[in-house]
Structure formats: structure tokens, C-alpha cells
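# Notes for the structure review
Each chain, written out:
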Number of protein chains: 2
Amino acid sequence: MKPRVAVMGATGAVGSEFLKILEQREFPMRSLKLLASIRSAGKKLKFAGGELTVEELTEKSFDDVDLVLASAGGSISKQFAPAAVKAGAVVVDNTSAFRMDPQVPLVVPEVNPGDIKKHKGIIANPNCSTIIMNVPVWPLHKANPIRRIVVSTYQAVSGAGAWGLWELDEQMKAYAAGKAIEVKKFPHQIVNNLFSHNSEIGDDGYNLEERKMVLETQKIFHAPKMLITATCVRVPVMRAHSEAINIEFSKPIGEGEVREILAAADGVKIVDDRAANRFPMPIDASGQDDVLVGRIRQDISRPDGRGIDMFVAGDQLRKGAALNAVQIAEML
Amino acid sequence: MKPRVAVMGATGAVGSEFLKILEQREFPMRSLKLLASIRSAGKKLKFAGGELTVEELTEKSFDDVDLVLASAGGSISKQFAPAAVKAGAVVVDNTSAFRMDPQVPLVVPEVNPGDIKKHKGIIANPNCSTIIMNVPVWPLHKANPIRRIVVSTYQAVSGAGAWGLWELDEQMKAYAAGKAIEVKKFPHQIVNNLFSHNSEIGDDGYNLEERKMVLETQKIFHAPKMLITATCVRVPVMRAHSEAINIEFSKPIGEGEVREILAAADGVKIVDDRAANRFPMPIDASGQDDVLVGRIRQDISRPDGRGIDMFVAGDQLRKGAALNAVQIAEML
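The following refers to the structure shown. (Residues numbered from 1 in each chain as written. Chains lettered and ligands numbered in written order. Predicted model: local features only at pLDDT ≥ 70, side-chain atom pairs only at ≥ 80, totals over all residues. Heavy atoms only, no water.)

### A short note on the overall build of chain A
- Broken down by element type, chain A carries 8 helices and 15 strands.
- Taken against the 2.2 N^0.38 rule, which gives 20 Å for 332 residues, the C-alpha radius of gyration of chain A at 20 Å falls within 12% of a compact globule.
- For the C-alpha atoms alone, the extent of chain A along its principal axes is close to 60 × 55 × 45 Å.
- At a minimum sequence separation of 6, the contacts of chain A that also span at least 24 residues come to 66%.
- By element, 51% of the accessible surface of chain A is carried by carbon and sulfur atoms, the whole surface being about 12300 Å². (Helix = DSSP H or I, 4+ residues; strand = E, 2+ residues; numbered from the N terminus. Rg over C-alpha atoms; globule rule 2.2 N^0.38 Å. Contact = heavy atoms within 4.5 Å. Areas by Shrake-Rupley, 256 points an atom, 1.4 Å probe, with all protein chains shown as cover.)

### Comments concerning the sheet that holds strand β14 (residues 291–298) of chain A
Residue and element names in this part refer to chain A.
- Taken together, 6 strands build an open sheet; the order of strands is β10-β8-β12-β15-β14-β13 and the sheet is mixed. Each of the sheet's edge strands pairs with one partner strand only, and the pair in question is β10 (227–231) and β13 (268–270). The average angle at which neighbouring strand axes cross in this sheet is 25 degrees, direction not considered.
- Bridge count for β13 against β14 is 3 bridges, and the pairing is parallel. Paired with Val268 across the two strands is Val291, which belongs to β14.
- On top of the sheet, helix α3 (residues 128–143) reaches β8 (146–154), β12 (241–249), β13, β14 and β15 (307–314); it is set at about 35 degrees to β12, its chief contact. (Pairing = 2+ DSSP bridges. Axes fitted to C-alpha atoms, helices over the stretch in contact; angles between N-to-C directions.)

### Quick notes on empty space enclosed by the protein
- Applying the stated criterion across every chain yields a total of 3 cavities of 30 Å³ or more.
- Computed from the structure, the largest cavity encloses a volume of approximately 60 Å³.
- Val150, Ser152, Ala244, Ile245, Asn246 and Asp309 of chain A together with Val150, Val151, Ser152, Thr229, Ala230 and Thr231 of chain B together form the lining of the largest cavity.
- Contributions of two or more residues to the lining of the largest cavity are made by β8 and β12 of chain A together with β8 (146–154) and β10 (227–231) of chain B.
- Its residues assigned to classes, the lining of the largest cavity shows 6 nonpolar, 5 polar and 1 charged. (1 Å grid on protein atoms, 1.4 Å probe; cavity = no way out; pocket = protein on both sides within 12 Å on 5 of 7 lines; lining within 4 Å. Points joined across faces, edges and corners; volume = space filled by probe spheres on them. Nonpolar A, V, L, I, M, F, W, Y, C, P; charged D, E, K, R; others polar.)

### Considering unusual backbone geometry
- A positive phi is found at Asn277 of chain A, a non-glycine position, where the angle reads about 55 degrees.
- Tracing the chain through its elements places Asn277 of chain A in the loop between β13 and α7 (282–285).
- On the accessibility criterion, Asn277 of chain A (14% relative accessible area) is buried.
- The phi torsion at Ala240 of chain B lies on the positive side, around 90 degrees, for a residue other than glycine. (Buried < 20%, exposed > 50% of the residue type's maximum accessible area, 1.4 Å probe, protein only.)

### Remarks on the interface of chain A and chain B
- Facing 62 residues of chain A, the contacting portion of chain B comprises 62 residues.
- Interface area, chain A with chain B, both sides summed: about 5300 Å², of which 57% is carbon and sulfur.
- At the junction of chain A with chain B, the criterion picks out 6 salt bridges.
- Here chain A and chain B share 38 residue pairs in polar contact (both at pLDDT 80 or more) between them.
- Classifying every residue of the side of chain A that touches chain B by side-chain character gives 28 nonpolar, 20 polar and 14 charged. (Buried area = accessible area lost by both parts, 1.4 Å probe. Salt bridge = Lys/Arg side-chain N within 4 Å of Asp/Glu carboxyl O. Polar contact = N/O pair within 3.5 Å; in protein donor to acceptor, adjacent residues only side chain to side chain.)

### Side note on the relation of the copies chain A and chain B
- When chain A is fitted to chain B, the best match, at an RMSD of 0.0 Å, comes from turning it 180 degrees and sliding it 0.0 Å along the axis. What we have between these two chains is a two-fold relation.
- A high fraction, 100%, of the interface residues of chain A reappear at the interface in chain B, so the copies pair face to face through one surface. (Least-squares fit on C-alpha atoms with pLDDT ≥ 70 in both.)

### Some remarks on the sheet that holds strand β5 (residues 67–70) of chain A
All names here are of chain A.
- Spatial ordering of the open sheet is given by β3-β4-β2-β1-β5-β6-β7, a layout of 7 strands whose pairing is mixed. On the outer flanks of this sheet lie β3 (44–47) and β7 (122–124), each paired with one strand and no other. The sheet shows a mean angle of 25 degrees between the axes of neighbouring strands, taken without regard to direction.
- With 4 bridges joining them, β5 and strand β6 (residues 90–93) adopt parallel strand pairing.

### Some points on the side chain of Asn112 of chain B
Residues and elements named next belong to chain B.
- Tracing the chain through its elements places Asn112 in the loop between β6 (90–93) and β7 (122–124).
- For Asn112, a relative accessible area of 4% corresponds to the buried category.
- Of note is the side chain of Asn112, whose polar atom sits 2.7 Å from the backbone oxygen of Leu106.
- Within polar-contact distance, the side chain of Asn112 engages the side chain of Asp115 at 2.8 Å.
- Excluding anything up to four places from it in sequence, Asn112 contacts Leu106, Val107, Ile220 and His222.

### Here we look at the environment of Ile245 of chain B
Residues and elements named next belong to chain B.
- Tracing the chain through its elements places Ile245 in strand β12 (residues 241–249).
- By relative accessible area, Ile245 is classed as buried at 1%.
- Sequence spacing of Ile245 and Ala180 is 65 residues, and the spatial spacing of their C-alpha atoms is 36 Å.
- If near-sequence neighbours (up to four positions away) are discounted, Ile245 is found in contact with Met133, Val137, Ile149, Val150, Val151, Ile308, Asp309, Met310 and Val312.

### Thoughts on the pairing of strand β4 (residues 50–56) of chain A
All names here are of chain A.
- By the bridge criterion, 3 bridges tie strand β2 (residues 31–36) to β4 in an arrangement that is parallel. Looking at β4, one finds that Leu35 is bridged to Glu55.
- Alignment of β3 against β4, held across 4 bridges, turns out to be antiparallel. Paired with Lys44 across the bridge in β4 is Thr53.
- Here β3 folds back onto β4 in antiparallel fashion, the turn holding 2 residues, of which Ala48 has a positive phi close to 50 degrees.

### Some remarks on the packing of aromatic side chains
- Taken as a whole and assessed by the stated rule, the structure comprises 9 aromatic pairs over all chains.
- Seen in terms of ring centroids, Phe186 of chain A and Phe195 of chain A are 5.7 Å apart; in terms of plane orientation they differ by 65 degrees. Their pairing is edge-to-face. When sorted by exposure, Phe186 of chain A lands in the same class as Phe195 of chain A, which is buried.
- Cation over ring: Arg297 of chain A sits above Tyr206 of chain B, and NZ or CZ is 4.5 Å from the ring centre. (Phe/Tyr/Trp six-rings, centres within 6.5 Å; stacked < 30°, edge-to-face > 60°. Lys NZ or Arg CZ within 6 Å of the ring centre and 35° of its normal.)

### Things to note about the packing of helix α3 (residues 128–143) of chain B against helix α6 (residues 255–263) of chain B
All names here are of chain B.
- Two numbers describe how α3 lies on α6: the axes approach to 9 Å, and their chain directions differ by 120 degrees. The angle between α3 and α6 falls in the class oblique. Read as a crossing pair, α3 and α6 show a hand that is right-handed. Listed contacts from α6 to Pro136, Pro139, Leu140 and Ala143 of α3 are Val258, Ile261 and Leu262.
- Of the residues assigned to the contact of α3 with α6, the class counts are 7 nonpolar, no polar and no charged. (Parallel < 35°, antiparallel > 145°, perpendicular 65-115°, else oblique. Left-handed = near helix turned anticlockwise from the far one by under 90°.)

Any functional reading would require information beyond the geometric quantities listed.
Okay, here's the thing in C-alpha cells:
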């Protein structure tokens with residue numbers, strides 16, 4: 001029987017993307033309920049040629065719901081996901097609330113679909129930077145276990161939510177008009193600038209975004225000892241994250257072998273035209289389901305042949321969030 | 001005796017910066033001659049409260065010149081530097097023309113000032129990304145020899161020259177006006193996007209900019225076997241390059257030791273406020289002489305304690321080009 005679906009946080013950046021993807025993929029469902037804070041209740045959103053009215057999210061929202069796609073922030077998920085589960089629904093949660101909970105599967109469908117069936121009502125969707133790295137890295141790890149990853153990110157403002165898109169837009173317009181650039185929610189100017197990811201920094205100097213990339217990848221890959229270091233940076237790009245990934249494998253691996261593996265991998269598209277200087281770019285990744293991979297080359301700093309460098313770009317709102325969650329729901 | 005100075009390529013992005021820096025530092029000189037292509041001849045440029053007229057660059061431009069600061073492109077340097085040397089001048093060349101010539105010293109004053117005296121008429125100024133990495137990395141290498149570096153860059157459009165600044169500016173204005181974004185000299189849209197550095201790509205998959213970071217660093221550090229891999233990326237930032245640098249040392253090294261070394265290093269300013277989430281940013285590095293260094297942390301992917309991660313930002317036009325060249329000239 002087709003499920004009755006609710007989208008929690010329907011008016012946010014990922015929420016809007018949920019609606020687009022459910023529509024595009026003709027996700028089989030009996031009903032669709034849009035939930036958001038009381039501020040957005042009553043707002044009408046377009047869906048599949050019609051219109052749906054946003055309802056206020058309460059603990060009673062889930063009585064007629066089988067599947068919840070949640071992306072309203074970690075604290076909202078912590079508050080409402082248990083009520084949804086109690087009401088008999090399964091929650092695919094896009095927030096960080098339950099990701100590291102050992103009871104909750106953390107799933108990238110191309111990597112660990114088998115973990116879905118272990119769920120106890122909640123399945124967590126990984127952080128966007130993690131998903132975008134995991135999709136191309138997993139098939140390589142399967143072929144030749146990875147020892148260590150050094151990753152640097154170039155993250156779009158969409159990762160901060162709808163307000164991030166708005167703030168970069170406003171700042172670009174102020175720049176063009178020669179007006180003073182107002183910094184509102186980001187900690188620093190983002191137009192014509194970049195800054196270390198504005199998440200909390202731990203005692204070891206890593207910020208939360210970097211920690212997510214490390215710990216979530218170890219959990220998703222079932223590789224708790226995989227060595228990973230990450231530097232996460234916000235750049236003035238609207239949507240689609242990019243990442244420079246340096247990988248050390250257990251055994252020597254050739255550039256050609258990497259290409260073959262990636263060409264056959266799910267969710268990956270190779271964009272690696274050296275003659276035309278065309279490689280993964282955010283504007284090409286935006287709106288795409290696949291993670292673009294290019295700049296594939298043997299790492300010259302590893303004469304033992306165990307190193308590969310590559311550069312990836314993936315749509316942060318789609319594969320990095322909403323699409324991955326809907327794919328999980330489809331597998332359910 | 002104070003030298004008679006000529007600036008080759010006076011109307012370019014680095015050329016303009018040469019004039020600013022000569023003025024700010026009250027560089028001792030008897031005369032200053034501005035040279036450029038015939039297209040710019042006759043143009044008047046401000047200097048030290050007065051005005052100077054740009055002259056056409058010819059092989060006869062150097063009869064009354066002792067010091068040439070060159071930044072008019074590699075082919076122009078190849079053509080005219082020998083004439084300048086023949087006329088008795090010393091050329092500090094900011095182009096890539098002679099950098100890897102074993103007869104030509106390649107100098108970052110904070111790193112290898114001793115190499116200056118080996119010159120035979122030409123001293124090469126390294127590539128901007130190289131200088132910005134070398135200034136903070138060298139004092140660490142002196143304390144604990146570096147085995148391997150993995151660097152990812154976030155390079156400003158100023159690195160492409162004055163037209164790069166113009167093109168990003170035009171594209172930001174088109175974006176703000178809701179007009180179509182015109183791609184003129186860059187290979188791809190740069191506003192709201194980023195792309196792999198648009199330099200020629202070798203058979204090994206590394207582009208020229210990356211090769212420069214590797215080979216120039218090895219030459220400047222007198223460390224031909226130092227292992228380095230680089231991924232160079234152009235981002236929509238006006239000036240100042242940023243770099244995420246992962247370093248593997250020979251021996252274990254602590255974060256505190258790195259801080260102490262960098263605090264005492266020339267040309268480096270530590271910007272590393274974890275509580276305030278303030279780290280090196282292009283807008284803070286722009287117009288500054290120092291390379292900003294932050295995000296200093298023990299690399300968690302190296303349990304042997306031999307890894308350090310850091311993030312740097314430096315003004316590409318100043319320390320990355322004109323300032324470094326003027327510092328070399330001062331040492332001469």
C-alpha cells in the first residue's frame with residue numbers, strides 16, 4: 001500500500017527540494033502533508049500542478065502519516081520524531097539529531113542500503129558534504145580499502161538553509177549597486193569572500209562540519225578506523241558543494257582503474273576533460289542527481305602508487321539532502 | 001647610489017600594485033620609468049602625489065635603468081629581460097619565464113634570501129600560490145623537515161590579471177541585474193561558481209599552476225625531494241588567495257609548537273580565534289603584507305602526531321607578487 005507522507009520543514013531550502021523530487025520521481029503516495037512552524041502555517045505551496053496548504057507542526061500531526069521526511073532542524077527533529085514514530089510512522093531525518101545514535105541507521109543508498117532494514121522508526125540522512133564525498137569514494141574503497149583521506153571543501157551557501165541563499169543574493173546586489181554589504185546571519189561577509197565553516201569548534205580545532213565528515217563516513221562505511229581529516233570552507237556559491245579529495249589506498253591503484261570503477265558506479269558522473277579544461281563545477285552539478293567527479297590523477301606525492309587526487313561537485317540540496325532521503329524512502 | 005627603476009607591465013594588476021608598494025615603502029630610487037605595450041603608451045599614472053607617463057616598452061628602454069620590476073607576462077619577459085640585463089640592469093621578474101632556469105635564483109625573501117646573490121642579472125619571483133604557501137610553511141620545515149604536503153587552493157580572480165577582476169565585477173553586476181552572465185576571458189562563469197585552475201594540464205593530470213606550487217617550492221626550499229600534491233581552484237573572490245594545507249613532518253610536532261614557530265616567523269600573522277570563529281579570510285588578507293594563518297590543528301588522521309592542518313590567506317597581488325619582488329629589490 002502506498003504510504004501517507006508528511007514533509008517536516010516544508011518551507012525550508014531542503015523542504016522545497018523534497019517537494020520537487022517527490023514530484024519529479026512520481027513518488028508513490030496516498031497523501032502528502034506539509035508541516036512547518038506556526039509562522040508558515042496557511043502558506044500555500046505548489047505541488048504536481050495543484051496547491052497544498054502548510055499545516056502547523058504539532059505532536060498530533062502524525063496520526064494519519066506513514067512516512068515523514070524531516071528537515072526542520074535538529075532540535076525540531078529531536079522534539080517531534082519520537083511522536084511520529086510512536087504514531088507508527090517511519091522518519092527519514094535529514095538533520096544531525098540522530099545521525100550518530102548507534103540505534104539509528106545512517107544511510108547513503110549507494111553505499112549501505114542494507115542498514116535501512118535495521119531501523120527502529122528513524123533513519124538518518126547524512127550531512128551533505130559527507131554524502132557528496134561518500135558516493136564516489138565508496139566504490140573505490142570496496143575495490144581497494146582506503147587508509148586515509150585528506151579532504152578540503154568548497155561549500156555553497158545553500159548548506160546554511162534558505163537564508164544562506166538569500167544573504168548571498170542580497171550581498172551580490174549590494175556589491176553591484178556599490179552599497180555597503182550587510183552581514184546578517186552569516187558570521188562574515190560571504191560575497192567576494194570565503195570563510196571557515198561557521199559551526200562550533202571542538203577542543204581539537206576541528207569544526208562540527210569537519211567532525212561530521214569524519215564520523216559519519218566511518219559509520220556509513222562500517223570503517224570506524226578509517227583515517228580522515230577535513231577542512232570545511234564556505235564559498236560564495238549558491239548551491240552545490242565541491243570537494244578536493246586526496247585518498248591513500250592500502251594497495252597501489254592506477255588512475256585508469258579509478259576511472260573504470262567510477263564509470264560503473266551508481267550516482268557518479270565522470271566530468272574530466274583535460275583538453276577542454278572541463279571538470280566538476282557547482283553550476284554544472286546544480287539540479288543534477290549525480291555527483292560529478294573529475295581531476296582524477298595519480299597523486300605525485302605518493303611514489304608508492306597508493307595515492308589518488310580527485311575533485312567532486314554535487315548538488316547540496318538534492319543528493320546532499322532531499323534526493324538521498326527520498327531514495328531511502330523509496331527503498332523502504 | 002640609489003637605482004634607476006623601471007616597471008615593465010605598469011598598467012596591469014601587479015604593475016599597479018608595484019607603484020603602490022614603491023610609494024608606500026618609500027623605495028629609494030633616482031628615477032622611475034613606467035613601461036607597457038604601445039597600447040598603453042601615453043597613459044598617465046599617479047605616483048607619490050605626481051603623475052608619470054607610460055612609455056612604450058622597447059629593447060632600448062633600459063639604457064638608463066638599473067633595476068627592472070617585470071610583470072608583463074612570460075613571453076614579454078623572455079623577449080625583453082635579456083636586453084635589460086645586457087644594458088646592465090638587474091631584472092626582478094614576476095613572470096614564470098625564468099623560474100625553473102637553474103641559472104636564475106627563485107626567491108621568497110623570508111625563505112632563501114641567500115640565493116639572491118647568485119643572480120646573473122635575473123632573479124625570479126615565484127608564483128603567487130607558491131609564495132603564500134612558502135612563507136608560513138618554511139619556518140615549520142626548518143624546525144621539523146616536511147615529508148609531504150597536500151594543498152588545496154581557493155584562488156582569487158586577481159591572479160588572472162586586471163581582466164580577471166573586471167570579469168568577476170561584470171558578472172556580479174549582471175547577476176544582480178538579472179541579466180545573462182557573459183563569459184569573456186575565463187573559460188567558465190566565475191560568479192556563483194568555481195572551477196579548476198584554467199592553466200594547461202599535463203599528461204599526469206596536474207595543471208601548470210599545481211606544477212608550479214610543487215616544483216617552485218622544491219627549488220626555493222632546496223628540497224628537491226619534498227613530496228607535494230596540489231589542487232588549484234579559482235573561486236569568485238576579487239583578491240587574496242586562500243589555501244588549505246595538510247603537512248606531514250618527519251617527527252611528531254604539536255599544535256602549540258607550530259603556533260610558537262609561526263608567532264615568531266617573518267611575514268606571518270596568526271588569525272586563529274576558535275571562540276569567535278575568526279580565521280584567515282580573503283577580505284582580511286587583502287591589502288595586507290602578512291600571510292594570515294589559522295585553523296592550526298593536529299591532524300586527527302595521523303595518530304603518529306606527525307600531521308598538522310592549517311588554513312592560510314594572503315594578498316595575491318602584494319605578497320603573492322609585487323611586494324615579494326620589491327622585497328627582493330630592497331635586498332639587492
